[in-house]
Structure formats: structure tokens, C-alpha cells
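Structural overview
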Amino acid sequence: MDLKKLFAIEKKPKKGLFAVEWVVMGYLVLTTLVMLFTYVKLQNPESMLWGRFRVVAITAAMWGIYRLVPCRLTRLCRIAAQMALLSWWYPDTYELNRILPNLDHIAAAKEQLLFGCQPALLFSQKVPYFLFSELMNLGYTCYFPLIAVVTVFYFFFRYQQFMRATFIILASFFVYYVIFIFLPVAGPQYYYPAVGLEQVSQGVFPNLHDYFMTMREALATPGDPNGVFYQMVVDAHQAGERPTAAFPSSHVGVSTILMLLARQTRNRRFFWLLLPFYVLLCLSTVYIYAHYAIDVLAGWISALILFPLLYLVHSRYTKE
């Protein structure tokens, strides 16, 4: 892309919100209504409401900057702002879903029925080697870099499809977030230590009810603490991980959507460059106890449904 095009004023700038910003506002309204109906049960309702005011303010500010200087760069800034806010929205799902009965006992039982074991419990035990664990942790840390790489590629090399691609990426996140609120599954890293590894290994999966309302004890990430990528995963978990968002795996779902977008660029080198990191990411979600194997399967299936659906929605109902 000619850098001059970054600052070239658009002839027909978008007057209102972008489609993805409407998705964010819709999610904000939906979750605010849920908060109002469950207000007395929430532990941090005031901070959650204040956070929503800040999201609205940031969205309005970015809209204002774009209206003053409607160009590709300010358009990118509007999208980047919403992507940056995803890290705030994620733990917010925990604040809402922990007031509902936990469903990990169902997920673990289905896992046992389907595989005859708990893959998340056995994977790291069967392959504990330093190099392999580092590859797994590398794969897990690739999640947000993959999102950034695909977004930047579309912006610079497939600009005509940029708004559609970013709409699909961001809208899929909020679809998953809605699911996470109403299907509270914490994942193996939280469920296993809560019930005890001995019971899990024997195929006993008790119902924890509201255990995760207050408890957030997690299994230690498998691997060598001296590993660079191991430490990156540990730091990320300490910074923002919560007992939420296990089923389906949004890591797998969104990264699958990213690969479908990469395939649509018709740039084979780009697709094949991303593929190894995608494979590592999918495997790593089970290896580091973040997800049950059925979460991965559900991530693949949901992505294959969401991608054409969101593609159609953007193509038919927006003019970006």
C-alpha cells in the first residue's frame, strides 16, 4: 500500500458507527440488561457499569477523530480500539457467568464418554519434554499475534475486504462471549484441582454448583519454568485468566476463522506461513489444561458455522 493512501481523505466517509461497533454496542446493551436483572448477585456491578461507560466514551472519541480526519489510518484506529478492548470484555464474562451453576461436570463427563479418558489430564503427562512443552506454549501465545497479523495483512494488501474481515473477527468474539455467559464452563485448569485429580482420573465428576463464585485456584501450567514461552503463558494467566470461557474454545474458533480469512486472500505463502502456528495453538489449548478436547471440537464446528454466517450478514446488510 502507498503510505500516502493512509492519510488520503475518503470521498464518502462513513457517517455513523461501523457494523462492528454496532455489534459492540449491542453486546453492551445485552450484558447491561443481564446486569440489571442480576444486580444484587453481582460482586462488582459498579465497576462493570463504569467500564461500559468507558467503552462508549472510547467508541465515541474514535468516531469523532475519524469524522475530523476520515482516512484509512483513522479507520484502522477505530477497529484497533475495539480489538484492544477485547481484553477488557473477556474477564467481564466471568463476572456474569459465575452467578450461574457451573457446568464443568457435564463437560468432563461428555469428555470421558467420547474419549474414554481426560485428554487434557493425560496429554502433558505423556509428552512432558521441554522442547514439546515450549512449542505448545508458543502456540498458545500466538493467539493475539495471529489476529494482528491477519488484520494488518488485510489492511495493507486486501483493503477492499478489510472491513468485512475485521467485522467477522470481532463479531465472532462477541458471539463466543455471549455463549460463555450463559454456558459457564471453567475448563480443566480450574475444575480438576477443585474436585481433585484422583477423582478425575477415576472418572468421577461432581457438580460444583457455585464453587467458582469465589474460588479461582488453577493447575500449574505444564512445562519447564525456565522456558521463555512457558513464562509468557504463566504471565498472561496471572494477568487476566478467569474460570470462564472454556466451551466452546474461542481460541480454536477464532483462529480457525483467521485461517479461513487467510485462505480467502488467495495468498498461499501467507496461509502456509500461519498454518503451523494454528496447529500448535489448537493442540496447546488441551496441553496446558485450558480446554477439554470437546471444547476444541466445538470450536472447529462453531467457526465453520460462524464464518459463512457473519460473511453473509456483512455482505448483505452493510455498505462499508
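Everything below is about the structure shown above.
On a predicted model such as this, the values are computed, not experimentally measured, just so you know.

To continue, consider a nonpolar patch on the surface. On the surface, Leu-114, Phe-115, Leu-297, Trp-300, Ile-301 and Ile-305 cluster together into a nonpolar patch covering about 570 Å² of accessible area. Secondary structure elements with two or more residues in the nonpolar patch: α6 (104-115) and α16 (293-317). Looking at the nonpolar patch element by element, the count peaks at 4 residues for α16. Under the relative-accessibility criterion, Trp-300 is labelled partly exposed at 34%.

It is worth spelling out the nonpolar core at this point. Of all hydrophobic cores here, the largest spans 94 residues; its most connected members are Trp-89, Tyr-177 and Leu-261. Here this core gets 14 residues from one element, more than from any other, and that element is helix α10 (residues 162-182). Look past the residues within four positions of Trp-89 in its chain and what remains in contact with it is Val-24, Tyr-27, Leu-28, Thr-31, Arg-52, Val-55, Phe-174 and Tyr-177.

With that out of the way, let us pick up empty space enclosed by the protein. Tallying each qualifying case throughout the model produces 2 cavities of 30 Å³ or more. Its boundaries defined by the atoms lining it, the largest cavity holds a volume of some 60 Å³. Asn-97, Arg-98, Asn-102, Pro-184 and Phe-212 are the residues nearest the centre of the largest cavity, which is lined by 13 residues in total. Of the volumes computed, that of the second largest cavity is approximately 30 Å³. Lining the second largest cavity are Tyr-154, Gln-161, Arg-164, Ala-165, Ile-168, Leu-261, Gln-264 and Tyr-311. Those elements that place two or more of their residues in the lining of the second largest cavity are α10 and α14 (250-264). It is α10 that contributes the most residues to the lining of the second largest cavity, 3 residues altogether. Residue classes in the lining of the second largest cavity are distributed as 5 nonpolar, 2 polar and 1 charged.

Inspection of the entire model under this criterion finds 4 salt bridges. The residue Arg-78 makes a salt bridge to Glu-21 at a minimum N-O spacing of 2.5 Å. Here Glu-21 lies in helix α2 (residues 19-37) and Arg-78 lies in helix α4 (residues 72-84), a separation of 57 residues in the sequence. A residue is classified by how much of its surface remains accessible, and Arg-78, at 0% relative accessible area, is buried. Measuring nitrogen to oxygen at the nearest pair gives 2.6 Å for the salt bridge that ties Arg-98 to Glu-95.

Our focus in this paragraph is the environment of Asn-97. Tracing the backbone through its elements, the reader meets Asn-97 in helix α5 (residues 86-97). Setting aside anything within four residues of it in sequence, one finds Asn-97 in contact with Phe-180, Ile-181, Pro-184, Pro-243 and Thr-244. Reaching out from Asn-97, the side chain makes a polar contact with the side chain of Thr-244 at a distance of 2.6 Å.

A separate point is the packing of α2 against α5. Where α2 meets α5, the closest approach of the two axes is 11 Å, and the angle between their N-to-C directions is 25°. Compared by their axis directions, α2 and α5 come out roughly parallel. Relative to α5, the crossing made by α2 is left-handed. Side by side, α2 and α5 meet where Val-24, Tyr-27, Leu-28, Thr-31, Val-34 and Met-35 of the first sit next to Trp-89, Thr-93 and Leu-96 of the second.

Conventions adopted
Residues numbered from 1 in each chain as written. Predicted model: local features only at pLDDT ≥ 70, side-chain atom pairs only at ≥ 80, totals over all residues. Heavy atoms only, no water. Patch = residues over 30% accessible without salt bridge, like charges linked within 9 Å, V, L, I, M, F, W, Y side chains within 5 Å. Areas by Shrake-Rupley, 256 points an atom, 1.4 Å probe, with all protein chains shown as cover. Salt bridge = Lys/Arg side-chain N within 4 Å of Asp/Glu carboxyl O. Helix = DSSP H or I, 4+ residues; strand = E, 2+ residues; numbered from the N terminus. Buried < 20%, exposed > 50% of the residue type's maximum accessible area, 1.4 Å probe, protein only. Core = buried A, V, L, I, M, F, W, Y, C linked by side-chain atoms within 4.5 Å. Contact = heavy atoms within 4.5 Å. 1 Å grid on protein atoms, 1.4 Å probe; cavity = no way out; pocket = protein on both sides within 12 Å on 5 of 7 lines; lining within 4 Å. Points joined across faces, edges and corners; volume = space filled by probe spheres on them. Nonpolar A, V, L, I, M, F, W, Y, C, P; charged D, E, K, R; others polar. Polar contact = N/O pair within 3.5 Å; in protein donor to acceptor, adjacent residues only side chain to side chain. Axes fitted to C-alpha atoms, helices over the stretch in contact; angles between N-to-C directions. Parallel < 35°, antiparallel > 145°, perpendicular 65-115°, else oblique. Left-handed = near helix turned anticlockwise from the far one by under 90°.

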